[in-house]
Amino acid sequence: MVAQFLQKLTYEEVQTTVKELFDFAEKCKSLKLHESPLECSYQLMTIFLEHICNNQGMVDEHVFSDCCNINNTVRLKCFLLYRKDDAGHSDIFQILNPEHICEVDKENQASVKEKYIYETSRKHPFLYAPTILTMSACYETAVQSCCQEENKTECFQIKLEPIRKYIREMSLRHHHLCEIGIKFNHKVAKSVELVLLTKKQLRANFSEIAKLAVDTKNLHQTCCEGNAIACAFGRSQLMNDICSKQAILSSKIISCCTLPVPFRGECIINSENDDKPDLSSLQLSRFTEDRFVCKQFTDKQDDFLQEFLYEYARRHSELALPVILRVASLYQNLLGKCCKIEDPSQCYSHGKEMFQGMVSESHERVKNNCDLHEKLGANNFHDRLIVLYTKKAPQLSAQELITFTKSMAAATTRCCSLSDEQQFVCMEDAAKLILGVLCRRHDAEPINVGVGHCCDDSYAFRKPCFDDLQVDGTYISPPLPCDQIISLKENLCKAQEEEFQMEKQKLLSNIVKQKPHATEMQLQSITVDFTHLVKKCCRAEKSEMCFQEEESKLIEKCQSLLGGKLCQKMSTQDLC
């Protein structure tokens, strides 16, 4: 908790702060029966924030003065705004060499584990505390195992890579869930949990799933507020509750419930979806054919829509979360329209075909994406994404656009290699997380109205909204020096393929910013010429001189091809 809030503190400074808070935290372990450990942990959070505000050094270093000048009810929200993902901290797996890790572990195993928790917490401030504790135990086991091996370096690389990958993925998912809770109302957050729980526990009845959805949503809120102790208590209580009902919830969590804390929680969260029960006798038609649909919708709209979501999700567990939410949104809008007219049943009886149409449209978008990826190949597909998203969000720097689209391109490569059904779920799941990152970037520093609309209007329809987003016509690119449009240096000859692709994509992005209506053929011609130029100059005896000469020629050709000036030379006497 301390490291996640105070990311700039050294390990020793965090230890000192923890010791100062430890006495109160210990009281939470020895409460009387009528006292709540959760309530105790909330008091600890208040004391922790007060402790920060009473330490002028901490306040100054972390620029917390504005938070400390407001009362306790709003103070926590203010502090949460300062948490930054990957805030310039080196990866825990690169901090110490294996020999040193083993030497320290031999002397003090607790020290190695605590240092790992510290580094992971400050690097991933949105990662829930129970997950950090579980992974620290996995890390400890890996260290003890590898320190017995002759080739320690290779062992660490093999055993720690899955841990690193899992932490990054779960950190992204936890941050995404926190964003949903903050940006959208509690109904959306509850709907998300209801769908996820229904897909995983297909045999459970609606009342059990609805209760679990509320409990899980509330737990996410607690964990997102950074209260590590309350988050750990809450997770433990929720998992105990799930395990006490495993017979009526899911057959896939039996082995998980035999595990000790904290492994039990991670195991249940990552368990497979339960086997699909026979639902043939329970038709979904009551939501589109029953003549009392509008009465149920009008009397208890939220409960009725939640039940529809549950029934649709358990019959279509193969669909991705956003797609199921789109169908539910479509159904709500349909009833909102139909229940106002004279013959509503005739109106909403077309619901089933409309649901299928929504699913087919979403499926078609993914299929077209995968077809294009197969046709263009990985690198050219990434180039296409660069062009598309530079048009949608030209306010982003070329480097930001490359990083963002790289994630999308990698997800497409991974998902499109799967079967049709799997690639559909994979792409939708990846897109919701990647677009979540873009939306958090927009929240931090607004990009443009179009991006803002897609981020804020509807969680379910984010992906289709971004897919359909066109050129930002309000953007006027500032004049760029030519060396920012294209900068060819001799070190390109020694660059790895990834570095070469990055330089090409920077050129592509900068040109699209200047000329957003350039055709695909024109842009393709430019990238081909760029590739040819680099190969030519890297073979030349005097590469640097070749690059200087050919760079100007390429810019002139670009201007001739696209019409108009692309950039401004550093010299004020001559415009290129």
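Rules used in this analysis
Residues numbered from 1 in each chain as written. Predicted model: local features only at pLDDT ≥ 70, side-chain atom pairs only at ≥ 80, totals over all residues. Heavy atoms only, no water. Helix = DSSP H or I, 4+ residues; strand = E, 2+ residues; numbered from the N terminus. Rg over C-alpha atoms; globule rule 2.2 N^0.38 Å. Buried < 20%, exposed > 50% of the residue type's maximum accessible area, 1.4 Å probe, protein only. Contact = heavy atoms within 4.5 Å. Disulfide = S-S within 2.5 Å. Phe/Tyr/Trp six-rings, centres within 6.5 Å; stacked < 30°, edge-to-face > 60°. Lys NZ or Arg CZ within 6 Å of the ring centre and 35° of its normal. pLDDT = per-residue confidence, 0-100. Axes fitted to C-alpha atoms, helices over the stretch in contact; angles between N-to-C directions. Parallel < 35°, antiparallel > 145°, perpendicular 65-115°, else oblique. Core = buried A, V, L, I, M, F, W, Y, C linked by side-chain atoms within 4.5 Å. Salt bridge = Lys/Arg side-chain N within 4 Å of Asp/Glu carboxyl O. Expected span 1.5 Å × (residues − 1). Arc of directions from axis to C-beta.

### Here's the deal with the overall build of the protein chain
Assigned secondary structure in the protein chain consists of 30 helices and 0 strands. Against the 2.2 N^0.38 benchmark of 25 Å for 576 residues, the protein chain shows a C-alpha radius of gyration of 27 Å, consistent with a compact globule. Along the three orthogonal principal directions, the C-alpha set of the protein chain runs to about 80 × 75 × 55 Å. In the protein chain, which comprises 576 residues, the proportion classed as buried is 47%. Here the contacts in the protein chain between residues at least 6 apart in sequence split such that 70% fall between residues at least 24 apart.

### Details of the state of the cysteines
A full pass over the atoms with the stated rule returns 16 disulfides. Put simply, C338 and C347 are joined by a disulfide, and their sulfur atoms are 1.9 Å apart. Here the disulfide of C338 and C347 is left-handed, its torsion about the S-S bond being about -60°. The side chain of C454 participates in a disulfide bridge whose partner is C465; the two sulfur atoms lie 2.1 Å from each other. Classification of the bridge connecting C454 and C465 rests on its S-S torsion, roughly -75°, and on that basis the disulfide is left-handed. Of this pair, C454 sits in helix α25 (residues 449–456) while C465 sits in helix α26 (residues 462–468), and the two are 11 residues apart along the sequence.

### Let's talk about the packing of aromatic side chains
Describing an aromatic ring pair means giving the distance of the ring centres and the angle of the ring planes. All told, the structure shown has 16 aromatic pairs when counted by the stated rule. Considering the side-chain rings of Y312 and F355, the 6.0 Å spacing of their centres and the 80° angle between planes classify their relative orientation as edge-to-face. Here Y312 is found in helix α18 (residues 301–315), whereas its partner F355 is found in helix α21 (residues 351–376), with 43 residues between them in sequence. Following the ring pairs from residue to residue traces out a cluster consisting of F287, F304, F308, Y312, Y331 and F355. Above the face of the F5 ring, R83 is positioned so that its terminal group lies 5.7 Å from the ring centre. Across the ring face of Y11, the terminal group of K115 is positioned such that the distance to the ring centre comes to 5.6 Å.

### Section: the confidence of the model for the protein chain
Here the protein chain shows a mean pLDDT of 87. Residues at 70 or above account for 91%. Taken element by element, the predicted model of the protein chain shows its lowest mean pLDDT in helix α7 (residues 92–95) (48) and its highest in α25 (97). Overall, residues 570–576 carries pLDDT values under 50, and its contacts beyond four positions in sequence, including any with other chains, amount to 13 contacts.

### Remarks on the packing of helix α19 (residues 321–338) against helix α24 (residues 420–444)
Orientation of α19 relative to α24, taken along the N-to-C sense of each, is 85°, at an axis distance of 8 Å. In terms of orientation, α19 lies roughly perpendicular with respect to α24. When α19 is examined against α24, the residues L321, P322, V323 and R326 are found in contact with a partner set consisting of F424, E428 and K432.

### Brief notes about the nonpolar core
Ranked by internal contacts, the top residues of the largest apolar core, which has 66 residues, are I242, I268, F308, Y312, L325 and Y331. Among the elements that take part in this core, α19 stands out by supplying 11 residues, more than any other. Filtering out sequence-adjacent residues up to four positions away, I242 remains in contact with Q201, L212, L249, I253 and I268. Listed in part, the 27 residues of the second largest apolar core include A3, V14, L44 and F79.

### Side note on the pattern of salt bridges
Per the stated rule, a full pass over the model turns up 37 salt bridges. Here R203 ties to D274 by a salt bridge, and the two come within 2.9 Å at their closest N and O atoms. Taken together, the positions of R203 in the loop between α12 (186–200) and α13 (206–224) and D274 in the loop between α16 (263–269) and α17 (293–299) put the pair 71 residues apart, joining distant regions of the chain. Overall, R203 belongs to the partly exposed group, its relative accessible area being 41%. Residue classification places D274 among the buried residues on the basis of a relative accessible area of 5%. Connected through shared salt-bridge partners, E208, K211, D215, D241 and K245 make up one network.

### Brief notes about helix α29 (residues 520–539)
The first and last C-alpha atoms of α29 sit 29 Å apart over 20 residues, in line with the 28 Å expected at 1.5 Å per residue. When we look at burial in α29, the residues that qualify are L523, I526, T527, F530, L533, V534 and C537. The buried residues of α29 occupy one face: seen down the axis, they fall within an arc of 120°. Exposed side of α29, more than 90 degrees from the buried face: M521, H532, K535 and R539 are the residues found there.

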